[in-house]
Amino acid sequence: MVDREERWSMQGATALVTGGSKGIGRAIVEELARFGVAVHTCSRNEEELNTMLNQCKLMNLRVTGSICDVSNRSQREELMDKIRTIFNGKLDILVNNAGGIGPGWIPVTQYTSEEYSNLMATNFDSCFHLTQLAHPFLKASGRGSVVFISSIAGSQGFPGSVVYSSTKGAMNQLARALACEWAGDMIRVNCVAPGVVNTIIAESVTQNEDFHKQIMSRIPLRRFGEPKEVASMVAFLCLPAAAFITGAVINVDGGHTANLS
Ligand code: NDP
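Keep in mind the model is a prediction, meaning the values are calculated, not measured. (Residues numbered from 1 in each chain as written. Predicted model: local features only at pLDDT ≥ 70, side-chain atom pairs only at ≥ 80, totals over all residues. Heavy atoms only, no water.)

A. A look at the site of the ligand. In the vicinity of the ligand, 28 residues are found, and the nearest of them are S21, R44, N97, Y164 and T199. For the ligand, an oxygen atom lies 2.9 Å from a polar atom in the backbone of N45. When residues of the shell around the ligand are traced back to their parent elements, those giving at least two are α2 (23-34), α6 (162-182) and α7 (200-206). Taken together, the residues of the shell around the ligand sort by class into eleven nonpolar, 13 polar and four charged. (Near = heavy atom within 4 Å. Polar contact = N/O pair within 3.5 Å; in protein donor to acceptor, adjacent residues only side chain to side chain. Helix = DSSP H or I, 4+ residues; strand = E, 2+ residues; numbered from the N terminus. Nonpolar A, V, L, I, M, F, W, Y, C, P; charged D, E, K, R; others polar.)

Dropping the structure here:
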């Protein structure tokens, strides 16, 4: 058992966080970097990414970034090549955060095959493939930690979110199965499943007054979450203090999934 100081330290660790230019991903990047982790992140919009990187620089955080559309297989391979070079073949933390809601909250009968494929590629294929590519670097770490940013929609049914929910449900099962397969390589794999969190995604809920009221009435804490509140759970899961936690799906949802009413 390592001593207390070591259990709560990630000083000198390395991390890749996808989709770190804004929202939950950005909060995760900052949280890890404040623990002394060297973080690389990616997103598609160059201007937003550069603004975020400049702000991190002003805060003296060790954050680098590059453009990558995680739904694209060859761009994922390029990203991992970069990671190999930047971190000398050793990666301690991989946070698969980048994701979206595709065409929005529409009935499954209205989905086109292109919309379906894009959402599956962005939310699920990217996680599977990036994690697979990262395996040798995580193994080299000797204390690898993978965190998937899932959603409570991965375990609950919500009308209008059939494809989104399916990507997150698959992600939960990917984490459980990988946790068993990679435990021998000293790689832990967990999911953090947020409820509604105040980012652009939450705006799609607040835009519809009835939907907003309905969702809010089911959250015992009567508010949406903040990106930082998800980031703190991610950081905890990456710490040596969480060394016995693997294959878990942890809800960060203000009690939403605990409420049957
Ligand atoms: P935001 O839209 O605020 O941020 C998403 C981030 O991911 C941005 O940096 C975005 O940058 C990046 N991103 C999106 N698509 C891609 C892509 N194809 N390739 C690379 N980067 C991409 O979303 P949130 O912060 O709200 O969501 C983050 C994660 O949290 C998602 O997986 C989401 O499903 C999950 N989640 C969110 C909830 C919420 O209520 N906010 C609730 C439950 C789960 P860019 O667009 O420039 O590429």
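Still to come is the rest of the account.
B. Focus on unusual backbone geometry. At M186, a position not held by glycine, the phi torsion is positive, near 60°. The backbone of R222 shows a phi angle near 55°, a positive value even though the residue is not glycine. By the secondary structure assignment, R222 is in the loop between α8 (209-217) and α9 (227-238).

C. Quick peek at the nonpolar core. Membership of the largest hydrophobic core comes to 31 residues, with the highest contact counts inside it found for M10, I28, L32, V39, V63, V95 and V234. For this core, the elements supplying multiple residues, two or more each, are β1 (14-18), α2, α3 (46-58), β4 (93-96), β5 (144-149) and α9. Apart from the residues lying within four places of it in its own chain, the contact partners of L32 are M10, A15, V17, V37, V39, I93, V95 and A235. The next biggest cluster of nonpolar side chains, apart from the first, holds 29 residues, and it includes L16, C127, F137 and L174. (Core = buried A, V, L, I, M, F, W, Y, C linked by side-chain atoms within 4.5 Å. Buried < 20%, exposed > 50% of the residue type's maximum accessible area, 1.4 Å probe, protein only. Contact = heavy atoms within 4.5 Å.)

D. Inspection of the sheet that holds strand β3 (residues 63-67) at higher detail. The sheet built from seven strands is open, its strands ordered β3-β2-β1-β4-β5-β6-β7 with parallel pairing. Of all strands in the sheet, those with a lone pairing partner are β3 and β7 (249-252), marking the two edges. Shown here is a sheet whose adjacent strand axes are inclined to one another by a mean of 20°, direction ignored. The pairing of strand β6 (residues 187-194) with β7 spans four bridges and is parallel. Within the sheet, the bridge partner assigned to C191 lies in β7 and is V249. Those strands touched by helix α4 (residues 73-86) are β1, β2 (38-43) and β3, and its axis lies near 160° from that of β2. Set on the sheet, α6 makes contact with β5, β6 and β7; between it and β6 the angle comes to about 160°. (Pairing = 2+ DSSP bridges. Axes fitted to C-alpha atoms, helices over the stretch in contact; angles between N-to-C directions.)

E. View of the packing of α2 against α9. Orientation of α2 relative to α9, taken along the N-to-C sense of each, is 50°, at an axis distance of 8 Å. As judged from the angle between their axes, α2 and α9 are oblique. In the crossing of α2 with α9, the sense of the turn from one axis to the other is right-handed. In this structure, α2 contributes G23, I24, A27, I28, E31 and L32 to the contact, and α9 contributes P227, K228, V230, A231, S232, V234 and A235. Among the residues forming the contact of α2 with α9, the class breakdown is nine nonpolar, two polar and two charged. (Parallel < 35°, antiparallel > 145°, perpendicular 65-115°, else oblique. Left-handed = near helix turned anticlockwise from the far one by under 90°.)

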